[in-house]
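What follows is the residue order along each chain.
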Amino acid sequence: MKMLGLPGQDPATQAWMTTLLDAIGDANDTCTVARYRHWDSDQQPDVKFEAAQIDTTSVDLLVGKSLGTMISLAAHKGYGLAPERAVFIGLPLVAYSDGLRDTLREFASTTPTLFIQQTADRTAAYSDVVECIGDCPQATTVEVAGSNHVYSDIEELRAIITGWLAG
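Residues numbered from 1 in each chain as written. Predicted model: local features only at pLDDT ≥ 70, side-chain atom pairs only at ≥ 80, totals over all residues. Heavy atoms only, no water.

Peer 1: Hey, could you run me through the overall build of the protein in this one?
Peer 2: The helix and strand tally for the protein stands at six helices and six strands. When the helices and strands of the protein are placed in sequence order, the string is β-α-β-α-β-α-β-α-β-α-β-α. Compactness check: the protein gives a C-alpha radius of gyration of 14 Å against a globular reference of 15 Å for 167 residues, within 12% of the reference. The dimensions of the protein, computed from C-alpha atoms along their principal axes, are 40 × 35 × 30 Å. Going through the 167 residues of the protein one by one, you find that 46% of them count as buried. When contacts within the protein are restricted to residue pairs at least 6 apart in sequence, those whose partners lie at least 24 apart make up 73%. For the protein, the accessible area works out to roughly 7700 Å², and carbon and sulfur atoms hold 48% of it. When the 11 basic and 22 acidic side-chain charges of the protein are each reduced to a single mean position, those positions are 4 Å apart. (Helix = DSSP H or I, 4+ residues; strand = E, 2+ residues; numbered from the N terminus. Rg over C-alpha atoms; globule rule 2.2 N^0.38 Å. Buried < 20%, exposed > 50% of the residue type's maximum accessible area, 1.4 Å probe, protein only. Contact = heavy atoms within 4.5 Å. Areas by Shrake-Rupley, 256 points an atom, 1.4 Å probe, with all protein chains shown as cover. Lys, Arg positive; Asp, Glu negative; His and termini not counted. Charge placed at Lys NZ, Arg CZ, Asp CG, Glu CD.)

This is the structure we're talking about:
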């Protein structure tokens with residue numbers, strides 16, 4: 001399986017994403033984790049720039065965390081990223097425009113997508129994500145405890161994701 005990880009805004013999420021992909025994959029998988037330009041500068045993240053850097057060919061599983069979900073959707077809309085399946089962790093709906101919310105619903109209507117969101121995530125509560133997604137036929141939502149937007153329990157995430165992949 002070819003997995004693509006799009007971490008969050010903080011550089012520490014690159015190692016976190018690598019650990020997560022290693023936990024859900026096996027030795028036969030190919031895992032790529034993006035490294036963002038703003039990590040090496042004082043610039044703000046540039047979603048469009050990062051979306052243009054993604055290899056959009058044959059992604060079996062896309063895993064995006066926070067900012068990575070926004071980059072995923074920009075790459076989908078602008079560059080044809082069409083993974084077989086996707087996992088979005090910690091959707092930062094506070095930063096989503098109405099247009100990006102529409103793109104999210106379109107994506108979740110055509111791509112099997114697992115949404116993992118903390119009950120009271122500071123960027124969007126689980127209930128906000130459920131409301132935003134609506135009745136998208138390919139969407140599955142899972143609520144996890146928390147409010148810090150960190151998602152540090154790799155074992156819990158591994159169990160949720162591998163269970164969904166197997167189902």
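Peer 1: Would you mind showing me how to read the packing of aromatic side chains here?
Peer 2: The relation between two aromatic rings is expressed through the spacing of the ring centres and the mutual angle of the planes. Evaluation of the coordinates by the stated rule reveals three aromatic pairs. Note on F88 and F107: the rings are 5.5 Å apart at their centroids and 15° apart in plane angle, and the pair reads as stacked. Within this pair, whereas F88 is found in strand β4 (residues 85–89), its partner F107 is found in helix α4 (residues 98–110), the two being separated by 19 residues in sequence. Between F88 and F115, the ring centres sit 5.8 Å apart and the planes meet at 75°, which makes this aromatic pair edge-to-face. Here the residue F88 occupies a position in strand β4, and F115 occupies one in strand β5 (residues 113–118), the gap between them amounting to 27 residues. The class for F88 is buried, based on a relative accessible area of 0%. Overall, the relative accessible area of 1% leaves F115 in the buried class. Taken together, F88, F107 and F115 form an aromatic cluster joined through their ring pairs. (Phe/Tyr/Trp six-rings, centres within 6.5 Å; stacked < 30°, edge-to-face > 60°.)

Peer 1: Help me understand the environment of G146 in this model?
Peer 2: Inspection of the secondary structure assignment puts G146 in the loop between β6 (139–144) and α6 (154–166). Considering only alpha carbons, one finds G146 and D121, 25 residues apart in sequence, at a separation of 6.4 Å. Contacts of G146, omitting those with residues within four sequence positions, involve Q118, T119, A120 and D121.

Peer 1: Would you mind going over the side chain of T123 with me for this structure?
Peer 2: Residue placement: T123 occurs in the loop between β5 and α5 (126–133). Here T123 falls in the buried class, since its relative accessible area comes to 9%. Apart from residues no more than four positions distant in its own chain, T123 is found in contact with G90, L91, P92, L93, V94, Q117 and H149.

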